[in-house]
Amino acid sequence: MKARHLLTTIGMAALMLSGGAAYAQSKMTIGFSQVGSESGWRAAETKVSKIEADKRGVDLKISDAQQKQENQIRAVRSFIAQGVDGIFIAPVVSTGWDAVLKEAKDAKIPVVLLDRSIETKDDSLYLTAVTSDTVYEGKVAGEWLAKETGGKCNVVELQGTVGSSPAINRKKGFDQVVAANPGMKIIRTQSGDFTRTKGKEVMESFIKAEGGGKNICAVYAHNDDMAIGAIQAIKEAGLKPGKDIKIVSIDAVPDIFKAMADGEANVTVELTPNMAGPAFDALMAFKKDGKQPPKWIQTESKVYTPETAKAEYERRKDLY
Ligand code: AHR
């Protein structure tokens, strides 16, 4: 009798243990190597990622790389050592990923790229990339400006982080429009590293170099934060942003809608901060049913102008 009781107890303990293991397996742990906190959009992406993880009961471990690839590589190696179920990377720059991605692949840990793409000859190194069409974003921004100015405009360009895929592609897309409009010229171009502070600094130097800025028809900023920095610089130089100098940018964060509603910015192209939602879904379907996602999960890019700015600001201000 005693022996049977002991066996039952052992059996129950085994069951509980296996149940516990099953539970532990069902709660996925995902490591996310985030770029940093360079922009309002980036902060929103981090916030939305946490919300999307909570919705799905995922344990999301976020590592802030402070805009440095070496920190991202270190974080990915640490996630591999921890044996996470999947890894998200928002790659700060587009090159130099093959070695660490190969380590993840060898460890059988699927990697999903968020909001930025990479250059590699071997696309089996990652499961999928959730990004917008960043060339299109630059092109559609340029097309809006060409239409607005009748194809005649001296543009100063604030580029994003050097070597990052959105900086490369947003430039490429806009340049296509410039090439098609002989009256459009990029008279100055420099990186503002996607930050508000550097956007302002670089714009100040452009205004100075252009003898006060009267010759500048528009600012094309690769993100809204740099555009907002530029708006400040333009105002301090005694000019009217949105009127004397048009402001064209990308992201659609609340602050740019506020600027548009105040007549200080002209157009933005939306980049959704919800990259993690589709990434979790793709990863979970892959882990659970072996479902192979497409290599590119494309997010929408929508153009916004001042007519809807006030309503968009109200709609977004608490989401970000
Ligand atoms: O990769 C997306 C870009 O990164 C956003 O447009 C920008 O704001 C951020 O820093």
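The rules behind the values
Residues numbered from 1 in each chain as written. Predicted model: local features only at pLDDT ≥ 70, side-chain atom pairs only at ≥ 80, totals over all residues. Heavy atoms only, no water. Core = buried A, V, L, I, M, F, W, Y, C linked by side-chain atoms within 4.5 Å. Buried < 20%, exposed > 50% of the residue type's maximum accessible area, 1.4 Å probe, protein only. Helix = DSSP H or I, 4+ residues; strand = E, 2+ residues; numbered from the N terminus. Contact = heavy atoms within 4.5 Å. Expected span 1.5 Å × (residues − 1). Pairing = 2+ DSSP bridges. Right-handed = clockwise from strand over helix to strand, strands pointing away. UniProt positions renumbered as here; feature names shortened; annotations may be inferred. Disulfide = S-S within 2.5 Å. Phe/Tyr/Trp six-rings, centres within 6.5 Å; stacked < 30°, edge-to-face > 60°. Axes fitted to C-alpha atoms, helices over the stretch in contact; angles between N-to-C directions. Parallel < 35°, antiparallel > 145°, perpendicular 65-115°, else oblique. Left-handed = near helix turned anticlockwise from the far one by under 90°.

Asker: Got a minute to help me understand the nonpolar core in this structure?
Answerer: Within soluble globular proteins, side chains that are nonpolar generally end up buried alongside one another. One finds Leu-158, Met-203, Val-219 and Ile-234 to be the most contacted residues of the largest nonpolar core, which totals 28 residues. Among the secondary structure elements, those contributing two or more residues to this core are β6 (153-159), α7 (196-209), β8 (218-221), α8 (224-236) and α9 (254-261). It is α8 that contributes the most residues to this core, seven residues altogether. With sequence-adjacent residues up to four places away left out, Leu-158 is seen in contact with Gln-190, Gly-199, Val-202, Met-203, Phe-206, Val-219, Tyr-220, Ala-221, His-222, Met-226 and Ala-230.

Asker: Please explain helix α10 (residues 276-289) as it appears in this structure.
Answerer: Side chains that are three or four residues apart share a direction in an α-helix, a result of its 3.6 residues per turn. Under the 1.5 Å per step criterion, the end-to-end length of α10 is 19 Å for 14 residues, consistent within 8% with the ideal 20 Å. Restricting attention to buried positions, one finds in α10 the residues Ala-276, Gly-277, Ala-279, Phe-280, Ala-282 and Leu-283. Backbone geometry just downstream of α10 places Gly-290 in the positive-phi region, at approximately 70°.

Asker: Would you explain the pairing of strand β3 (residues 86-89) in this entry?
Answerer: On any regular strand, side chains alternate: one points to one face of the sheet, the next to the other face. Both faces of β3 are covered, namely the face carrying Gly-86 and Phe-88 and the face carrying Ile-87 and Ile-89. Here strand β1 (residues 29-34) runs beside β3; their pairing, made up of four bridges, is parallel. Within β3, the residue paired with Ser-33 across the bridge is Ile-89. In terms of handedness, the path from β3 via helix α4 (residues 98-106) over to strand β4 (residues 111-114) forms a crossover that is right-handed.

Asker: Mind showing me how you'd approach the UniProt feature "domain: Periplasmic binding protein" (unreviewed entry) in the protein chain here?
Answerer: With numbering aligned to this structure, UniProt lists the feature "domain: Periplasmic binding protein" (unreviewed entry) at residues 30-280. In this annotation, residues 30-280 is assigned 44% helix and 21% strand; the end-to-end C-alpha distance for the span is 9 Å.

Asker: How do you make sense of the sheet that holds strand β10 (residues 267-270) when you look at a structure like this?
Answerer: In sheet architecture, strand pairing relies on hydrogen bonds along the backbone and comes in two forms, parallel and antiparallel. Taken together, the six strands give an open sheet; going across it, the order is β7-β6-β8-β9-β10-β12, and neighbouring strands pair in mixed fashion. Of all strands in the sheet, those bounded by a partner on one side alone are β7 (184-191) and β12 (303-304). Bridge count for β6 against β7 is seven bridges, and the pairing is parallel. Bridge pairing in β7 links Leu-158 to Gln-190.

Asker: For this particular structure, what's the right way to read the state of the cysteines?
Answerer: Counting across every chain of the model gives one disulfide. In this model, Cys-153 is linked to Cys-217 through a disulfide, with the two sulfur atoms separated by 2.0 Å. Because the torsion about its S-S bond is -100°, the bridge between Cys-153 and Cys-217 counts as left-handed. Remark: Cys-217 occurs in the loop between α7 and β8 and Cys-153 occurs in strand β6; sequence separation between them is 64 residues.

Asker: Teacher, can you tell me more about the packing of aromatic side chains here?
Answerer: For any pair of aromatic rings, the description consists of the separation of the ring centres together with the inter-plane angle of the planes. All chains considered together, the criterion is met by four aromatic pairs. With a centroid separation of 6.1 Å and 70° between ring planes, the pair formed by Phe-32 and Phe-88 is classed as edge-to-face. A residue pair is termed long-range when its members are at least 10 positions apart, and Phe-32 in strand β1 and Phe-88 in strand β3 qualify at 56 residues. Neither residue differs from the other here; Phe-32 and Phe-88 are each classed as buried.

Asker: For this particular structure, what's the right way to read the packing of α9 against helix α11 (residues 309-316)?
Answerer: Packed helix pairs are specified by the crossing angle of their axes together with the interaxial distance, meaning the distance between the axes. Put simply, α9 and α11 touch, their axes get as near as 8 Å, and they point 155° apart. By the angle between their axes, α9 is roughly antiparallel relative to α11. With respect to the hand of their crossing, α9 and α11 are arranged in left-handed fashion. Of the residues in α11, those in contact with Pro-254, Phe-257, Lys-258, Met-260 and Ala-261 of α9 are Ala-309, Lys-310, Glu-312, Tyr-313 and Arg-316.

Asker: What should I look at first to understand unusual backbone geometry in this one?
Answerer: Negative phi values dominate among residues other than glycine, just as trans dominates among peptide bonds. With a phi angle near 65°, Gln-67 is a residue other than glycine that sits in the positive phi range. Residue Asp-251 is not a glycine yet carries a positive backbone phi of 135°. Relative to the assigned elements, Asp-251 resides in strand β9 (residues 246-251). You can call Asp-251 buried: its relative accessible area is 3%.

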